[in-house]
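Chains, contacts and geometry: an overview
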Amino acid sequence: MSFIPKHRAAVLGLLALSLAGCGGAAAATHVGGTKPPPPATAGAHMPTRQTPAAVKPSHPAMAPAPAGNPIPQGNGGDHDVDNNGGPSDGDGSL
Amino acid sequence: MTAPTRRRRVLIAAAALAAAGGGAAVLAASVRPGPSPVVAVQGFPRFLAQAAPASWPALGLPGRSAVLYYPPALHPVPGDADAVSVASRGPAGTYLLYLNATPRQGAESLRHWAAFRPQLLREDDASSVHLDAAAAGLAFRGGTGSCVIDDYVSRIGAHHYREIACLVQGQTAASVVVGAAPASRWAQARPVLERAVAAYRVR
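Residues numbered from 1 in each chain as written. Chains lettered and ligands numbered in written order. Predicted model: local features only at pLDDT ≥ 70, side-chain atom pairs only at ≥ 80, totals over all residues.

A word on the sheet that holds strand β4 (residues 84–89) of chain B. Sheet strands pair via backbone hydrogen bonds, and the direction of the pair is either parallel or antiparallel. Residue and element names in this part refer to chain B. Taken in spatial order, the seven strands of this open sheet run β3-β4-β5-β9-β8-β7-β6, and their pairing is antiparallel. Because the sheet does not close on itself, it has two edges, and the strands there are β3 (75–76) and β6 (126–140). Pairing analysis gives 10 bridges linking strand β7 (residues 143–154) to strand β8 (residues 160–169), with the strands arranged antiparallel. Bridged to I149 within β8 is I164. On top of the sheet, helix α2 (residues 113–124) reaches β6, β7 and β8; it is set at about 30 degrees to β7, its chief contact. (Pairing = 2+ DSSP bridges. Helix = DSSP H or I, 4+ residues; strand = E, 2+ residues; numbered from the N terminus. Contact = placed C-beta atoms within 7 Å. Axes fitted to C-alpha atoms, helices over the stretch in contact; angles between N-to-C directions.)

Written as structure tokens, this is what we have:
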């Protein structure tokens, strides 16, 4: 009589242990699931990458106007009137 | 409220939000590049594309992608090989009226023109630039255009000019048409410059 309950208790104990193991494994998987943070960290960079991508439509338009003056003034470059103090023409500064 | 109705309303609300978000993005994109917020600029004159007076000569861009019509008082002046420029000049050689047409060369776009043009002036020819007015979606002869009216001070000679500058997209090509005059003479120059821009024809 006393053996059966003990056996059941042992079985139950093993079951509990294996379940706990599964749970642990599940937890480990979850921790592994927390690992995505590295990708998620990479994902954290994504918004930074996406921002310029999202902004791109406006920036390409600004790109051709480089910092500094690409066409020398004082009758330089393409000798346009706008390099000599005249009104600016419609070139794209290329 | 039945479930389908509620769902429909949610979808409509989501679509409205998405549309509002898209609009905000467009607005931000327009405003971001320049110190002069495009949305705050008002007062672009009423624009009506129309044929030039019969007496006006014309100069075509290479490939006849666009034609610049100009008053007979103006005369061709040197410029870029692929562009056409005409002007009238004062006794001291100062530019009184100036018109130019140039094929699109860079990353100019109709959407960003109001930011692009002042930025280009700032980086290229001008020590200071002020955007006075802007408009988009203007119907040109043969195409659609975005225009700005701005004034700037040239780096050489510190001349203060005002201009109307438009990027015009035709069926096959885009080009820029510029009409400029000394800011002090803008009141007299404006009607004829606007008339020339209104007569600009693209293909």
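Residue and element names in this part refer to chain B. As for its position among the elements, R190 is in helix α3 (residues 186–199). Owing to 16 C-beta atoms within 10 Å, R190 belongs among the partly exposed residues under this scheme. Spatially, the C-alpha atom of R190 lies 8.7 Å from that of E163, the residues being 27 residues apart in sequence. (Buried ≥ 20, exposed ≤ 12 C-beta atoms within 10 Å, placed from the backbone.)

Turning our attention to the sheet that holds strand β10 (residues 201–202) of chain B. Residues and elements named next belong to chain B. Pairing is antiparallel in the open sheet, where three strands are placed in the order β1-β2-β10. Both outer strands of the open sheet, β1 (58–60) and β10, are each paired with one neighbouring strand and no more. Relative to strand β2 (residues 66–69), β1 runs antiparallel, the two being bridged by three bridges. Bridge pairing in β2 places A58 opposite Y69.

This next bit is on the nonpolar core. Residues L68, C166, V177 and Y200 of chain B are the most contacted members of the largest nonpolar core, which totals 53 residues. When residues no more than four places from it in sequence are discounted, the contact partners of C166 of chain B are G145, S146, C147, V176, V177 and V197 of chain B. (Core = buried A, V, L, I, M, F, W, Y, C linked by C-beta atoms within 7 Å.)

All names here are of chain B. On average, residues of chain B score 84 in pLDDT, and 79% of them reach the 70 mark or higher. Counting interchain partners and residues more than four positions distant, the pLDDT-below-50 stretch residues 1–40 has 28 contacts. Quick note on the complex model: pTM equals 0.63, ipTM equals 0.78. (pLDDT = per-residue confidence, 0-100.)

Now for the environment of A133 of chain B. All names here are of chain B. Positionally, A133 belongs in strand β6. Of the residues examined, A133 has 16 C-beta atoms within 10 Å and is grouped as partly exposed. In the structure, A133 is positioned 31 residues away from I164 in sequence and 9.2 Å away in space, judged by C-alpha atoms.

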